[in-house]
Amino acid sequence: FLHERVSAFLMFTGRHDRFQGLAFRLNVDPGFAFYILNKKANTLWAEAGYDFQYDRRTNLALDENAAAVAANMDAIMEAEMNGETPPEPLAVLDPVFSNHAYRLFLGYSNRMTETISFDTGVEWLHSFVDPAIYRLNWDNNLTVSLAKRFSLGLTFTLRYENKPLPTVRPLDTITSVNLIYRFI
């Protein structure tokens, strides 16, 4: 914390997501947070910063892209032979992709009772490299304490990427139920 309401941070995240064609995604996010409401039971804060993204794509995603590019080339040639407007050509993907973006985040945490808490946060990432690329992530978590060290967590995550790989859907959602044991 630089002040009671301002902090600086450096966050590293990594994930594997075969549904998005990612063998590995690394994000490095330095930034600042401003705490609008900083109470024990309720916390509301905003973050702003930079995001470096490094993607290594799966072989399956690269193979699917190669097949889609070949089919697209066939469709372009057929449309041109028939005097029709051809579809937009697809690009051959590189095995790795990196991006630089700005990052905005808004989070809220509510400790409703001693045993129930709710956390939510929405993150916006917008590319500096290609302004047409952006991502939106939204996380929700409801945690209920079952015993002194055991809790039950219900989570919902939404990940939207407006320009995913050609064979990947732009919206990905995850719903999970977690049994949590706290050691400390």
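Coordinates for the structure precede this section.
Our subject in this report is the structure included herewith. Quick caveat: nothing in here was measured; it's all calculated off a predicted structure.

### As for the layout of surface pockets
- One number sums up the size of the largest pocket: a volume of about 430 Å³.
- Every residue lining the largest pocket is counted, 19 residues in all, and those nearest its centre are R57, L93, K163, P164 and L165.
- Elements supplying a minimum of two residues to the lining of the largest pocket: β2 (22-38), β3 (42-57) and β4 (96-111).
- For the lining of the largest pocket, the leading source of residues is β3, giving three residues.
- A class-by-class count of the residues in the lining of the largest pocket yields 10 nonpolar, two polar and seven charged.
- Surrounding the second largest pocket, 20 residues form its lining, T13, E123, N137, D139 and R159 being those nearest its centre.
- Residue assignment for the lining of the second largest pocket shows that the elements contributing at least two residues are β1 (6-17), β2, β4, β5 (116-127), β6 (134-145) and β7 (150-161).
- In terms of residue class, the lining of the second largest pocket is built from five nonpolar, six polar and nine charged.

### Structural notes on the nonpolar core
- Ranked by size, the top nonpolar core spans five residues in total: A61, L62, L93, L165 and V168.
- If we skip the residues at most four places from it in the chain, L62 touches R57, L93, D94 and P95.

### Comments concerning the sheet that holds strand β8 (residues 171-181)
- Spatial ordering of the open sheet is given by β1-β2-β3-β4-β5-β6-β7-β8, a layout of eight strands whose pairing is antiparallel. Edge strands, defined here as strands with exactly one partner in the open sheet, are β1 and β8. Each strand of the sheet is rotated relative to its neighbour by a mean of 20 degrees, with strand direction disregarded.
- Examined bridge by bridge, β7 and β8 share 11 bridges and lie antiparallel to one another. Paired with R159 across the two strands is D172, which belongs to β8.

### Quick notes on the packing of aromatic side chains
- Across all of its chains, the model carries nine aromatic pairs by this definition.
- With 5.4 Å between their ring centres and 40 degrees between their planes, F1 and Y35 make a pair best called tilted. In this pair, F1 is assigned in the segment before β1 and Y35 in strand β2, connecting sequence segments 34 residues apart.
- The exposure class of Y35 is buried, given its relative accessible area of 15%.
- Where W124 meets Y134, the ring centres are 4.9 Å apart and the plane angle is 20 degrees; that geometry is what we call stacked. Of the two residues, W124 is situated in strand β5 and Y134 in strand β6; the sequence distance between them amounts to 10 residues.
- Members of the aromatic cluster, joined through ring pairs, are F1, Y35, W45 and F105.

Each value, and the rule that gives it
Residues numbered from 1 in each chain as written. Predicted model: local features only at pLDDT ≥ 70, side-chain atom pairs only at ≥ 80, totals over all residues. Heavy atoms only, no water. 1 Å grid on protein atoms, 1.4 Å probe; cavity = no way out; pocket = protein on both sides within 12 Å on 5 of 7 lines; lining within 4 Å. Points joined across faces, edges and corners; volume = space filled by probe spheres on them. Helix = DSSP H or I, 4+ residues; strand = E, 2+ residues; numbered from the N terminus. Nonpolar A, V, L, I, M, F, W, Y, C, P; charged D, E, K, R; others polar. Core = buried A, V, L, I, M, F, W, Y, C linked by side-chain atoms within 4.5 Å. Buried < 20%, exposed > 50% of the residue type's maximum accessible area, 1.4 Å probe, protein only. Contact = heavy atoms within 4.5 Å. Pairing = 2+ DSSP bridges. Axes fitted to C-alpha atoms, helices over the stretch in contact; angles between N-to-C directions. Phe/Tyr/Trp six-rings, centres within 6.5 Å; stacked < 30°, edge-to-face > 60°.

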